[in-house]
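So you can see what is in the structure, the chains are spelled out below.
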Amino acid sequence: MKQMTLQKTREQNYPEWYQNVITVADMAENSSSPGCMVIKPWGYGIWERMQRVLDDMIKETGHDNCYFPLFIPLSFFQKEADHVEGFAKEMAIVTHSRLKSVDGKLTPDGQLEEPLIIRPTSETIIADSFSKWVKSYRDLPVMMNQWANVVRWEMRPRLFLRTREFLWQEGHTAHATYDEAEKEAQTMLQVYATFAREALAVPVLTGKKPEFDKFPGAVDTYCIEAMMQDGKSLQAGTSHFLGQNFAKSANIKFQSSQGTQEYAYTTSWGVTTRLIGALIMTHGDDEGMVVPPVVAPHQIVIVPLLKDKSKIDAVMSYAQKLKSALSSASFKGERVRVKLDDRQKESVDKMWEWTRKGAPLVIEVGPRDIENNALMVRDRTKINLKEWKEIVPFDDFVSSVTERLATIQNTLLKQAEDRLNKNIRNDIKTPGEFEKYFSNSNVFIEGDKPSVAFVRGKWSGDNDIAEKLKSMKINIRCIPFDQSGTQGTCLITGKPATVDVIYARSY
RNA sequence: CGGAGUAUAGCGCAGCCUGGUAGCGCACUCGUCUGGGGGGCGAGUGGUCGUGGGUUCAAAUCCCGCUACUCCGACCA
């Protein structure tokens, strides 16, 4: 008899299902500090894997890691008008430096001359350093990245998707020319798209944000957008071409080869722990989490069956033998990550725990397997099929493990890709059809299909449609790079239009 | 910050209307039988019922305030 661990399936209530997955996979929980999360080992392990893979890609493209302060003087934000306006409503501000006891109550004391902002993003403070480092065109480009935490005082937090404090990487670069900086912003967006696809098995659309939805202070904002299982869009990464805006406000100036003084062109780009949310909503199922092998902290979990006490030693040494046999196997250039779960728990419970956590392969080994020199292999992506469990000869498993992990990674990508491709409507040509399509105000899943997903259609380019979009609860997610160039009708205004955009509900 | 809801054991809930000294399922501990799709049987551990006040002989229960959380909106990665 199958027992449901999740309280809600995706079809019953998608937002609750999302929370349930995080709980049953033991990835994170709400902290007693309001709006903040505790990232637990399985969730943090996934983040560490993301960091490892992406960090290599960032370094391969010529960037170095460094670290800038958590505190940013308030005045720095005043230097860039759009920037301060964009972030003003969500800042945490340090105004005091100590506590004193007043009538037994601890009260802030030692007011600071100038308040400090806990960084919501680091453009201003990094630009300040860049201005000291850059004197000559020979000092350019400067290509930096930092892994850090940031704080944005969100009103309605949701684990991984929107929390007051979150972890991210933020890259910041400065260049001598417009073209070079623009190219850098594009390059890093492609790095993100490749990372999402190949490491996370999350296919994304790439494009540019419309003018009214840019990063505050940017000339252009590029983004990768992923489709969640409920058809909503999640911005999974952004890359900004900042032009000379921050260079001018922070005075990043250099002498050119012609001897003239010029302002640098800067970029910034980032991805966050929100990607873990993207992973859950892309691959999770009604049993829990499913983690793609590339980012799985443990790709293979060995669960020994130890109930027969007379055979504990034999089973454990057989499990150890398996673990060491696997240690020579590799996947995508890295040693295969194997966990032998020897905790004092019921083996069936351990098996289900790793299933809920989404470990790609769970291997059970027991007395029977020693006799047959075999193992029981469970492939997380086949949970609803008969082949979920499979008895495999020991040597066959060891020699096939790389291929098995590759198949799981590919299966997850293919599923996500199919969902993305099947749920982009290209055939909506008039405002009437468009309004009808999005008339369903609540997003939900029917069977395995979202009720409402993406529409690829025309936009006139008018920037004063924000109200109209808001009333329909949709956004222009991006202006895709691959434009068709065809003529058509703007789905919002009804005017003639040539620009293709992606319309969708979003997180 | 606006709208709605919730708050009782680690988790999910009942009890509240009609006040009388705390209950169920899962989890956890011990024993036992099981054993590769989430066990069975038996015995246990665990709660000043979110918080402050009021009514009452008596409050989880009735009244008032506060806080937190969840969902919907606005805002955002």
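To keep things clear, this report deals only with the structure shown in the data block. (Residues numbered from 1 in each chain as written. Chains lettered and ligands numbered in written order. Predicted model: local features only at pLDDT ≥ 70, side-chain atom pairs only at ≥ 80, totals over all residues. Heavy atoms only, no water.)

### Digging into the overall build of chain A
- The secondary structure content of chain A amounts to 14 helices and 29 strands.
- Taken against the 2.2 N^0.38 rule, which gives 23 Å for 507 residues, the C-alpha radius of gyration of chain A at 26 Å falls within 12% of a compact globule.
- Taking all 507 residues of chain A together, 54% fall into the buried category.
- Of the contacts made within chain A by residues no fewer than 6 positions apart, 71% connect residues no fewer than 24 positions apart.
- Of the roughly 23,300 Å² of accessible surface on chain A, a fraction of 48% belongs to carbon and sulfur atoms.
- Taking the average location of the 66 positive side-chain charges in chain A and that of its 66 negative ones, the two points are 3 Å from each other. (Helix = DSSP H or I, 4+ residues; strand = E, 2+ residues; numbered from the N terminus. Rg over C-alpha atoms; globule rule 2.2 N^0.38 Å. Buried < 20%, exposed > 50% of the residue type's maximum accessible area, 1.4 Å probe, protein only. Contact = heavy atoms within 4.5 Å. Areas by Shrake-Rupley, 256 points an atom, 1.4 Å probe, with all protein chains shown as cover. Lys, Arg positive; Asp, Glu negative; His and termini not counted. Charge placed at Lys NZ, Arg CZ, Asp CG, Glu CD.)

### Thoughts on the packing of helix α2 (residues 41-60) against helix α6 (residues 178-198)
- Packing of α2 against α6 brings their axes to within 11 Å, and their N-to-C directions diverge by 145°. Our pair here, α2 against α6, has a crossing hand that is right-handed. For the pair α2 and α6, the contacting residues are M50, V53, L54, M57 and I58 in the first and M188, V191, Y192, T194 and F195 in the second.
- Class assignment of the residues belonging to the contact of α2 with α6 gives a composition of nine nonpolar, one polar and no charged. (Axes fitted to C-alpha atoms, helices over the stretch in contact; angles between N-to-C directions. Left-handed = near helix turned anticlockwise from the far one by under 90°. Nonpolar A, V, L, I, M, F, W, Y, C, P; charged D, E, K, R; others polar.)

### Some details on the protein's contact with RNA strand B
- For RNA strand B, the set of nearby residues contains 44 residues, the closest of which are R156, R274, K307, R356 and M376.
- Across the atoms of RNA strand B situated within 4 Å of the protein, the share located in sugar and phosphate is 37%.
- Take N30: an N or O atom from its side chain is 2.9 Å from a phosphate oxygen of RNA strand B.
- Only α1 (14-24), α10 (347-357), α11 (367-372) and β20 (374-379) provide two or more residues apiece to the surface near RNA strand B.
- In terms of residues, the surface near RNA strand B owes the most to one element, α10, which gives four residues. (Near = heavy atom within 4 Å. Polar contact = N/O pair within 3.5 Å; in protein donor to acceptor, adjacent residues only side chain to side chain.)

### Remarks on the nonpolar core
- One finds M27, M50, I280, L322, I363 and F397 to be the most contacted residues of the largest nonpolar core, which totals 96 residues.
- The element best represented in this core is α6, accounting for nine residues.
- If near-sequence neighbours (up to four positions away) are discounted, I280 is found in contact with W17, Y18, V21, I22, M27, F160, Q229 and M289.
- Counting 29 residues, the second-largest nonpolar core is a separate cluster that includes L205, Y437, M472 and I476. (Core = buried A, V, L, I, M, F, W, Y, C linked by side-chain atoms within 4.5 Å.)

### Remarks on the sheet that holds strand β19 (residues 361-365)
- Reading across the sheet, the five strands line up as β18-β15-β19-β20-β21 and stay open at both edges, with mixed pairing between neighbours. Only two strands of the sheet have a single neighbouring strand rather than two, namely β18 (338-340) and β21 (389-393). Looking at each pair of strands side by side, their axes are set apart by 25° on average, direction ignored.
- Bridge count between β20 and β21: five bridges; the pairing is antiparallel. Bridge pairing links V377 to E390 in β21.
- Along the sheet face, helix α12 (residues 394-422) touches β15 (300-304), β19, β20 and β21 and points at about 135° away from the line of β21. (Pairing = 2+ DSSP bridges.)

### Topic: α10
- For α10, the buried fraction is high: eight of the eleven residues fall into the buried class.
- In this structure, the buried side of α10 is in contact with α1, α2, β15, β18, β19 and β20.
- G358 sits one or two residues past α10 and shows a positive phi near 85°.

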